[in-house]
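Structural overview
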Amino acid sequence: MKSLRILVTGGAGFIGSHLCEKLLKEGHEVVCLDNFFTGRKQNVSHLLDDKKFELIRHDITEEIRLEVDRIYNLACPASPVHYQYNAIKTVKTNVMGALITLGIAKRVKARILQASTSEVYGDPAVHPQVEGYWGNVNPIGIRSCYDEGKRVAETLFMDYYRQNGVQIRIVRIFNTYGPRMLENDGRVVSNFIVQALKNEEITIYGSGEQTRSFCFVSDLLEGMTRMMENEEGFIGPVNLGNPQEYTILQLAEMIVRLTNSSSKIAFKPLPKDDPCRRKPDISLAQEKLGGWTPKIDVKDGLLKTIEYFENELKK
Ligand code: NAD
Ligand code: UDP
(Lines give C-alpha, C1' and ligand atoms only; values in the text may rest on other atoms or scores of the structure.)
(Ligands and ions follow the chains in the order given, each with its own letter.)
Protein backbone atom coordinates (compact mmCIF):
# COMPACT_ATOMS: atom_id res chain seq x y z
CA MET A 1 0.00 0.00 0.00
CA LYS A 2 1.19 3.54 -0.66
CA SER A 3 2.49 5.59 2.22
CA LEU A 4 -0.21 7.75 3.79
CA ARG A 5 -0.16 10.65 6.24
CA ILE A 6 -2.21 9.53 9.20
CA LEU A 7 -3.51 11.48 12.19
CA VAL A 8 -4.07 9.53 15.41
CA THR A 9 -5.90 11.56 18.06
CA GLY A 10 -5.28 10.11 21.51
CA GLY A 11 -2.11 8.67 19.99
CA ALA A 12 -0.10 8.75 23.23
CA GLY A 13 -2.65 6.60 25.05
CA PHE A 14 -2.75 2.84 25.48
CA ILE A 15 -4.34 1.78 22.16
CA GLY A 16 -3.18 4.91 20.30
CA SER A 17 0.52 4.36 20.99
CA HIS A 18 0.36 0.77 19.67
CA LEU A 19 -1.54 2.05 16.64
CA CYS A 20 1.12 4.72 15.90
CA GLU A 21 3.79 2.03 16.12
CA LYS A 22 1.91 -0.32 13.76
CA LEU A 23 1.25 2.42 11.19
CA LEU A 24 4.92 3.52 11.20
CA LYS A 25 5.99 -0.13 10.72
CA GLU A 26 3.69 -0.27 7.69
CA GLY A 27 5.59 2.70 6.23
CA HIS A 28 3.13 5.52 6.89
CA GLU A 29 3.73 9.00 8.24
CA VAL A 30 2.06 9.45 11.62
CA VAL A 31 0.88 12.62 13.33
CA CYS A 32 0.14 11.77 16.95
CA LEU A 33 -2.09 14.32 18.71
CA ASP A 34 -2.70 14.13 22.46
CA ASN A 35 -3.36 16.38 25.44
CA PHE A 36 -1.69 13.82 27.78
CA PHE A 37 -4.72 13.52 30.07
CA THR A 38 -4.46 9.73 30.31
CA GLY A 39 -1.72 9.31 27.73
CA ARG A 40 2.01 9.73 28.29
CA LYS A 41 4.91 10.95 26.20
CA GLN A 42 6.72 7.88 27.50
CA ASN A 43 4.30 5.66 25.49
CA VAL A 44 5.66 7.08 22.23
CA SER A 45 9.17 8.19 23.28
CA HIS A 46 10.69 5.29 21.31
CA LEU A 47 9.07 6.71 18.16
CA LEU A 48 10.32 10.29 18.51
CA ASP A 49 13.49 9.75 16.48
CA ASP A 50 11.55 8.36 13.54
CA LYS A 51 11.45 11.01 10.78
CA LYS A 52 7.95 9.87 9.85
CA PHE A 53 6.61 10.51 13.36
CA GLU A 54 5.34 13.82 14.72
CA LEU A 55 3.94 14.46 18.19
CA ILE A 56 1.58 17.37 18.81
CA ARG A 57 0.35 18.38 22.28
CA HIS A 58 -3.16 19.61 21.59
CA ASP A 59 -6.63 19.32 23.05
CA ILE A 60 -9.06 18.01 20.45
CA THR A 61 -11.87 20.18 21.82
CA GLU A 62 -9.97 23.11 20.20
CA GLU A 63 -9.76 23.75 16.43
CA ILE A 64 -6.64 22.65 14.58
CA ARG A 65 -5.76 22.69 10.88
CA LEU A 66 -3.94 19.62 9.56
CA GLU A 67 -3.49 18.01 6.14
CA VAL A 68 -3.78 14.23 6.31
CA ASP A 69 -5.14 11.23 4.35
CA ARG A 70 -6.53 9.26 7.28
CA ILE A 71 -7.75 10.07 10.79
CA TYR A 72 -8.13 7.60 13.65
CA ASN A 73 -10.15 9.43 16.31
CA LEU A 74 -9.20 7.85 19.63
CA ALA A 75 -8.98 10.91 21.89
CA CYS A 76 -11.10 10.21 24.97
CA PRO A 77 -10.30 8.73 28.37
CA ALA A 78 -11.51 5.12 28.37
CA SER A 79 -11.36 4.08 32.02
CA PRO A 80 -14.53 4.80 34.05
CA VAL A 81 -12.39 6.36 36.80
CA HIS A 82 -10.82 8.80 34.34
CA TYR A 83 -13.85 9.61 32.21
CA GLN A 84 -15.91 10.30 35.34
CA TYR A 85 -13.19 12.54 36.84
CA ASN A 86 -14.39 15.44 34.68
CA ALA A 87 -17.64 14.23 33.14
CA ILE A 88 -18.39 17.49 31.34
CA LYS A 89 -14.98 17.42 29.71
CA THR A 90 -15.63 13.83 28.61
CA VAL A 91 -18.81 14.87 26.80
CA LYS A 92 -16.94 17.80 25.27
CA THR A 93 -14.06 15.62 24.10
CA ASN A 94 -16.46 13.18 22.47
CA VAL A 95 -18.71 15.76 20.84
CA MET A 96 -16.27 18.57 20.00
CA GLY A 97 -13.61 16.00 19.16
CA ALA A 98 -15.94 14.37 16.63
CA LEU A 99 -16.99 17.72 15.14
CA ILE A 100 -13.41 18.96 14.82
CA THR A 101 -11.96 15.77 13.36
CA LEU A 102 -14.93 15.35 10.99
CA GLY A 103 -14.39 18.99 9.97
CA ILE A 104 -10.76 18.20 9.09
CA ALA A 105 -11.85 15.06 7.20
CA LYS A 106 -14.42 17.05 5.23
CA ARG A 107 -12.00 19.86 4.36
CA VAL A 108 -9.10 17.68 3.21
CA LYS A 109 -11.19 14.69 2.02
CA ALA A 110 -9.56 12.32 4.50
CA ARG A 111 -11.03 9.00 5.55
CA ILE A 112 -11.90 8.98 9.26
CA LEU A 113 -12.42 6.16 11.75
CA GLN A 114 -14.19 6.60 15.06
CA ALA A 115 -13.13 4.54 18.06
CA SER A 116 -16.60 3.87 19.42
CA THR A 117 -17.35 1.41 22.17
CA SER A 118 -19.44 -1.49 23.39
CA GLU A 119 -20.77 1.06 25.92
CA VAL A 120 -23.17 2.29 23.22
CA TYR A 121 -25.12 -0.89 24.11
CA GLY A 122 -25.26 0.17 27.79
CA ASP A 123 -26.40 -2.65 30.09
CA PRO A 124 -27.44 -4.87 27.18
CA ALA A 125 -30.70 -6.78 27.02
CA VAL A 126 -29.45 -8.64 23.94
CA HIS A 127 -26.60 -11.14 24.37
CA PRO A 128 -24.17 -11.43 22.68
CA GLN A 129 -24.34 -7.88 21.35
CA VAL A 130 -25.02 -7.47 17.63
CA GLU A 131 -24.55 -4.20 15.76
CA GLY A 132 -28.29 -3.95 15.03
CA TYR A 133 -29.07 -3.69 18.76
CA TRP A 134 -29.78 -0.06 19.76
CA GLY A 135 -28.79 -0.52 23.37
CA ASN A 136 -30.01 0.10 26.88
CA VAL A 137 -28.25 3.25 28.06
CA ASN A 138 -29.05 5.42 31.06
CA PRO A 139 -28.92 9.01 29.72
CA ILE A 140 -28.51 10.61 33.15
CA GLY A 141 -26.19 8.30 35.06
CA ILE A 142 -22.51 8.43 35.98
CA ARG A 143 -21.46 6.51 32.84
CA SER A 144 -23.62 8.67 30.53
CA CYS A 145 -20.90 11.24 29.79
CA TYR A 146 -18.97 8.48 28.06
CA ASP A 147 -21.82 6.33 26.70
CA GLU A 148 -23.94 9.18 25.37
CA GLY A 149 -20.85 11.11 24.26
CA LYS A 150 -19.82 8.13 22.14
CA ARG A 151 -23.39 7.72 20.86
CA VAL A 152 -23.55 11.37 19.73
CA ALA A 153 -20.16 10.91 18.08
CA GLU A 154 -21.57 7.96 16.09
CA THR A 155 -24.56 10.14 15.13
CA LEU A 156 -22.25 12.93 13.93
CA PHE A 157 -20.18 10.46 11.92
CA MET A 158 -23.32 9.12 10.20
CA ASP A 159 -24.63 12.63 9.52
CA TYR A 160 -21.32 13.81 8.01
CA TYR A 161 -21.46 10.68 5.84
CA ARG A 162 -25.05 11.27 4.71
CA GLN A 163 -24.90 15.06 4.45
CA ASN A 164 -21.34 15.68 3.30
CA GLY A 165 -20.19 12.38 1.82
CA VAL A 166 -17.30 12.11 4.29
CA GLN A 167 -15.68 8.65 4.11
CA ILE A 168 -16.31 7.33 7.59
CA ARG A 169 -15.66 4.10 9.48
CA ILE A 170 -17.11 3.25 12.92
CA VAL A 171 -15.71 0.48 15.12
CA ARG A 172 -17.27 -0.50 18.44
CA ILE A 173 -14.41 -1.64 20.62
CA PHE A 174 -15.01 -4.17 23.41
CA ASN A 175 -12.73 -4.35 26.50
CA THR A 176 -9.18 -4.28 25.21
CA TYR A 177 -6.06 -4.76 27.33
CA GLY A 178 -2.31 -5.03 27.01
CA PRO A 179 1.01 -3.34 27.77
CA ARG A 180 0.98 0.46 28.31
CA MET A 181 -2.26 0.56 30.25
CA LEU A 182 -1.65 2.88 33.17
CA GLU A 183 -0.74 1.35 36.52
CA ASN A 184 -3.43 3.49 38.20
CA ASP A 185 -5.77 3.25 35.23
CA GLY A 186 -8.71 1.87 37.20
CA ARG A 187 -9.70 -0.67 34.57
CA VAL A 188 -10.09 -4.25 35.67
CA VAL A 189 -7.17 -5.96 33.93
CA SER A 190 -4.53 -3.44 35.01
CA ASN A 191 -6.00 -3.17 38.52
CA PHE A 192 -5.98 -6.93 39.08
CA ILE A 193 -2.49 -7.46 37.64
CA VAL A 194 -0.95 -4.65 39.70
CA GLN A 195 -2.74 -5.82 42.85
CA ALA A 196 -1.66 -9.44 42.26
CA LEU A 197 1.97 -8.49 41.60
CA LYS A 198 2.04 -6.47 44.82
CA ASN A 199 0.26 -9.29 46.73
CA GLU A 200 -2.44 -6.78 47.67
CA GLU A 201 -6.19 -7.43 47.87
CA ILE A 202 -7.88 -8.04 44.52
CA THR A 203 -10.81 -5.62 44.47
CA ILE A 204 -13.87 -7.22 42.91
CA TYR A 205 -16.75 -4.80 42.53
CA GLY A 206 -20.08 -6.49 43.31
CA SER A 207 -20.35 -10.28 43.30
CA GLY A 208 -17.91 -10.73 40.42
CA GLU A 209 -20.61 -12.52 38.41
CA GLN A 210 -20.73 -9.72 35.83
CA THR A 211 -18.99 -10.67 32.60
CA ARG A 212 -16.64 -9.02 30.12
CA SER A 213 -14.85 -10.31 27.01
CA PHE A 214 -11.19 -9.32 26.77
CA CYS A 215 -9.32 -8.60 23.56
CA PHE A 216 -5.54 -8.26 23.32
CA VAL A 217 -4.48 -4.97 21.76
CA SER A 218 -2.73 -6.44 18.68
CA ASP A 219 -5.91 -8.29 17.67
CA LEU A 220 -7.94 -5.11 17.99
CA LEU A 221 -5.45 -3.12 15.89
CA GLU A 222 -5.55 -5.67 13.09
CA GLY A 223 -9.34 -5.27 12.95
CA MET A 224 -9.14 -1.47 13.15
CA THR A 225 -6.64 -1.07 10.32
CA ARG A 226 -8.49 -3.58 8.14
CA MET A 227 -11.67 -1.59 8.75
CA MET A 228 -9.98 1.71 7.82
CA GLU A 229 -8.48 0.32 4.63
CA ASN A 230 -11.43 -1.76 3.41
CA GLU A 231 -12.23 -0.46 -0.06
CA GLU A 232 -15.72 -1.95 -0.27
CA GLY A 233 -17.23 1.13 1.31
CA PHE A 234 -18.14 -0.82 4.44
CA ILE A 235 -18.54 1.93 7.06
CA GLY A 236 -19.84 -0.07 10.03
CA PRO A 237 -20.60 0.22 12.82
CA VAL A 238 -18.76 -3.02 13.42
CA ASN A 239 -17.96 -4.79 16.69
CA LEU A 240 -14.29 -5.51 17.39
CA GLY A 241 -13.40 -7.65 20.35
CA ASN A 242 -12.67 -11.14 21.55
CA PRO A 243 -15.86 -13.13 22.21
CA GLN A 244 -14.25 -15.30 24.96
CA GLU A 245 -16.44 -14.26 27.90
CA TYR A 246 -15.35 -14.43 31.57
CA THR A 247 -16.91 -13.44 34.85
CA ILE A 248 -14.85 -10.88 36.74
CA LEU A 249 -14.32 -13.50 39.46
CA GLN A 250 -12.88 -15.92 36.87
CA LEU A 251 -10.59 -13.16 35.62
CA ALA A 252 -9.36 -12.46 39.15
CA GLU A 253 -8.66 -16.14 39.79
CA MET A 254 -6.84 -16.48 36.48
CA ILE A 255 -4.61 -13.48 37.21
CA VAL A 256 -3.81 -14.70 40.74
CA ARG A 257 -2.81 -18.05 39.25
CA LEU A 258 -0.72 -16.62 36.42
CA THR A 259 1.20 -14.31 38.77
CA ASN A 260 1.65 -16.93 41.54
CA SER A 261 0.29 -14.28 43.84
CA SER A 262 -0.72 -14.66 47.47
CA SER A 263 -3.41 -11.96 47.04
CA LYS A 264 -6.85 -12.60 48.52
CA ILE A 265 -10.08 -11.45 46.93
CA ALA A 266 -11.97 -8.56 48.53
CA PHE A 267 -15.51 -7.73 47.47
CA LYS A 268 -16.28 -3.99 47.13
CA PRO A 269 -19.49 -2.14 46.22
CA LEU A 270 -20.54 -2.34 42.58
CA PRO A 271 -20.45 1.09 40.88
CA LYS A 272 -23.78 2.35 39.55
CA ASP A 273 -24.89 1.28 36.07
CA ASP A 274 -22.09 -1.28 35.76
CA PRO A 275 -23.20 -3.52 32.84
CA CYS A 276 -24.03 -7.11 33.88
CA ARG A 277 -22.62 -8.81 30.83
CA ARG A 278 -20.80 -8.04 27.67
CA LYS A 279 -19.74 -10.17 24.73
CA PRO A 280 -19.40 -9.13 21.12
CA ASP A 281 -21.00 -10.94 18.21
CA ILE A 282 -18.13 -10.59 15.73
CA SER A 283 -19.70 -12.33 12.73
CA LEU A 284 -20.04 -9.03 10.82
CA ALA A 285 -16.35 -8.21 11.30
CA GLN A 286 -15.36 -11.73 10.29
CA GLU A 287 -17.43 -11.50 7.13
CA LYS A 288 -16.45 -7.97 6.09
CA LEU A 289 -12.83 -7.75 7.23
CA GLY A 290 -11.22 -10.59 5.29
CA GLY A 291 -11.79 -13.26 7.93
CA TRP A 292 -10.38 -11.13 10.77
CA THR A 293 -10.59 -12.95 14.07
CA PRO A 294 -8.77 -12.51 17.39
CA LYS A 295 -5.74 -14.79 17.60
CA ILE A 296 -4.38 -14.17 21.09
CA ASP A 297 -5.85 -16.38 23.77
CA VAL A 298 -6.69 -14.49 26.98
CA LYS A 299 -4.12 -16.43 29.00
CA ASP A 300 -1.32 -15.55 26.55
CA GLY A 301 -2.38 -11.91 26.39
CA LEU A 302 -2.50 -11.70 30.17
CA LEU A 303 1.02 -13.18 30.43
CA LYS A 304 2.37 -10.50 28.07
CA THR A 305 0.59 -7.80 30.09
CA ILE A 306 1.85 -9.24 33.39
CA GLU A 307 5.42 -9.15 32.04
CA TYR A 308 4.96 -5.47 31.12
CA PHE A 309 3.70 -4.54 34.59
CA GLU A 310 6.45 -6.56 36.29
CA ASN A 311 8.99 -4.36 34.49
CA GLU A 312 7.04 -1.16 35.18
CA LEU A 313 6.85 -1.92 38.90
CA LYS A 314 10.64 -2.41 39.04
CA LYS A 315 11.21 1.18 37.76
P1 NAD B 1 -6.49 5.88 26.96
O2 NAD B 1 -7.12 6.67 28.04
O3 NAD B 1 -5.19 5.19 27.24
O4 NAD B 1 -6.26 6.78 25.68
C5 NAD B 1 -6.99 7.93 25.36
C6 NAD B 1 -6.02 8.98 24.87
O7 NAD B 1 -6.76 10.16 24.52
C8 NAD B 1 -5.03 9.42 25.97
O9 NAD B 1 -3.74 9.47 25.43
C10 NAD B 1 -5.53 10.80 26.38
O11 NAD B 1 -4.51 11.63 26.88
C12 NAD B 1 -6.11 11.30 25.06
N13 NAD B 1 -7.13 12.36 25.24
C14 NAD B 1 -8.16 12.37 26.11
N15 NAD B 1 -8.87 13.51 25.97
C16 NAD B 1 -8.24 14.23 24.99
C17 NAD B 1 -8.49 15.50 24.40
N18 NAD B 1 -9.51 16.27 24.80
N19 NAD B 1 -7.65 15.94 23.43
C20 NAD B 1 -6.60 15.17 23.02
N21 NAD B 1 -6.33 13.95 23.54
C22 NAD B 1 -7.15 13.49 24.52
O23 NAD B 1 -7.58 4.83 26.48
P24 NAD B 1 -7.52 3.68 25.38
O25 NAD B 1 -7.93 2.42 26.03
O26 NAD B 1 -6.26 3.74 24.62
O27 NAD B 1 -8.72 4.12 24.44
C28 NAD B 1 -8.54 4.74 23.20
C29 NAD B 1 -9.89 4.94 22.53
O30 NAD B 1 -10.54 3.68 22.33
C31 NAD B 1 -10.85 5.81 23.35
O32 NAD B 1 -11.57 6.64 22.46
C33 NAD B 1 -11.78 4.80 23.97
O34 NAD B 1 -13.04 5.34 24.23
C35 NAD B 1 -11.82 3.71 22.92
N36 NAD B 1 -12.18 2.42 23.51
C37 NAD B 1 -11.27 1.73 24.27
C38 NAD B 1 -11.64 0.53 24.86
C39 NAD B 1 -10.69 -0.29 25.68
O40 NAD B 1 -11.10 -1.30 26.23
N41 NAD B 1 -9.43 0.03 25.79
C42 NAD B 1 -12.95 0.04 24.70
C43 NAD B 1 -13.84 0.79 23.94
C44 NAD B 1 -13.45 1.98 23.34
N1 UDP C 1 -13.95 -4.10 38.19
C2 UDP C 1 -13.67 -4.76 39.38
N3 UDP C 1 -12.57 -4.37 40.09
C4 UDP C 1 -11.73 -3.39 39.68
C5 UDP C 1 -12.02 -2.72 38.46
C6 UDP C 1 -13.14 -3.10 37.75
O7 UDP C 1 -14.38 -5.66 39.79
O8 UDP C 1 -10.74 -3.11 40.39
C9 UDP C 1 -15.13 -4.53 37.41
C10 UDP C 1 -16.08 -3.41 37.02
O11 UDP C 1 -17.01 -3.18 38.06
C12 UDP C 1 -16.70 -3.98 35.77
C13 UDP C 1 -15.58 -4.80 35.13
O14 UDP C 1 -14.66 -5.06 36.19
O15 UDP C 1 -17.77 -4.83 36.09
C16 UDP C 1 -14.86 -4.09 34.00
O17 UDP C 1 -14.51 -2.81 34.46
P18 UDP C 1 -13.62 -1.79 33.62
O19 UDP C 1 -13.54 -0.54 34.41
O20 UDP C 1 -12.35 -2.44 33.22
O21 UDP C 1 -14.40 -1.55 32.26
P22 UDP C 1 -15.95 -1.42 31.83
O23 UDP C 1 -16.14 -2.60 30.97
O24 UDP C 1 -16.84 -1.47 33.03
O25 UDP C 1 -16.02 -0.13 31.12
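Structure: see above.
Residues numbered from 1 in each chain as written. Chains lettered and ligands numbered in written order. Predicted model: local features only at pLDDT ≥ 70, side-chain atom pairs only at ≥ 80, totals over all residues. Heavy atoms only, no water.

Some remarks on the overall build of the protein chain
Each helix and strand in the protein chain was counted, giving nine helices and 13 strands. Compactness check: the protein chain gives a C-alpha radius of gyration of 19 Å against a globular reference of 20 Å for 315 residues, within 12% of the reference. Principal-axis analysis of the C-alpha atoms gives the protein chain an extent of 55 × 45 × 40 Å. Scored against the burial criterion, the 315 residues of the protein chain give a buried share of 56%. Look at the contacts in the protein chain between residues 6 or more apart in sequence, and 81% of them connect residues 24 or more apart. Element-wise, carbon and sulfur atoms account for 51% of the exposed surface of the protein chain, whose accessible area totals about 13800 Å². The centroid of the 41 positive side-chain charges in the protein chain is displaced by 2 Å from the centroid of its 40 negative side-chain charges. (Helix = DSSP H or I, 4+ residues; strand = E, 2+ residues; numbered from the N terminus. Rg over C-alpha atoms; globule rule 2.2 N^0.38 Å. Buried < 20%, exposed > 50% of the residue type's maximum accessible area, 1.4 Å probe, protein only. Contact = heavy atoms within 4.5 Å. Areas by Shrake-Rupley, 256 points an atom, 1.4 Å probe, with all protein chains shown as cover. Lys, Arg positive; Asp, Glu negative; His and termini not counted. Charge placed at Lys NZ, Arg CZ, Asp CG, Glu CD.)

Thoughts on the site of ligand 1
In the vicinity of ligand 1 lie 29 residues, with Ile15, Asp34, Thr38, Tyr146 and Thr176 positioned nearest. Arg187 places a side-chain nitrogen or oxygen 2.8 Å from an oxygen atom of ligand 1. Burial of ligand 1 by the protein amounts to 97% of the accessible area it has alone, namely 810 Å². (Near = heavy atom within 4 Å. Polar contact = N/O pair within 3.5 Å; in protein donor to acceptor, adjacent residues only side chain to side chain.)

With respect to helix α5 (residues 188-197)
A large share of α5 lies buried, amounting to eight of its 10 residues. Regarding α5, the residues found buried are Val189, Ser190, Asn191, Phe192, Ile193, Val194, Gln195 and Ala196. In the core, the buried residues of α5 are packed alongside β7 (176-177), β8 (202-205), α7 (248-258) and α9 (298-314). Where α5 terminates, the next one or two residues include Asn199, which has phi positive at roughly 55°.

Overview of the nonpolar core
Residues Tyr72, Met224 and Leu302 are the most contacted members of the largest nonpolar core, which totals 60 residues. Setting aside its immediate chain neighbours within four residues, Tyr72 contacts Ile6, Leu7, Val8, Thr9, Leu19, Leu23, Leu113, Met224, Thr225 and Met228. Listed in part, the 25 residues of the second largest apolar core include Val31, Ile56, Ala98 and Val166. (Core = buried A, V, L, I, M, F, W, Y, C linked by side-chain atoms within 4.5 Å.)

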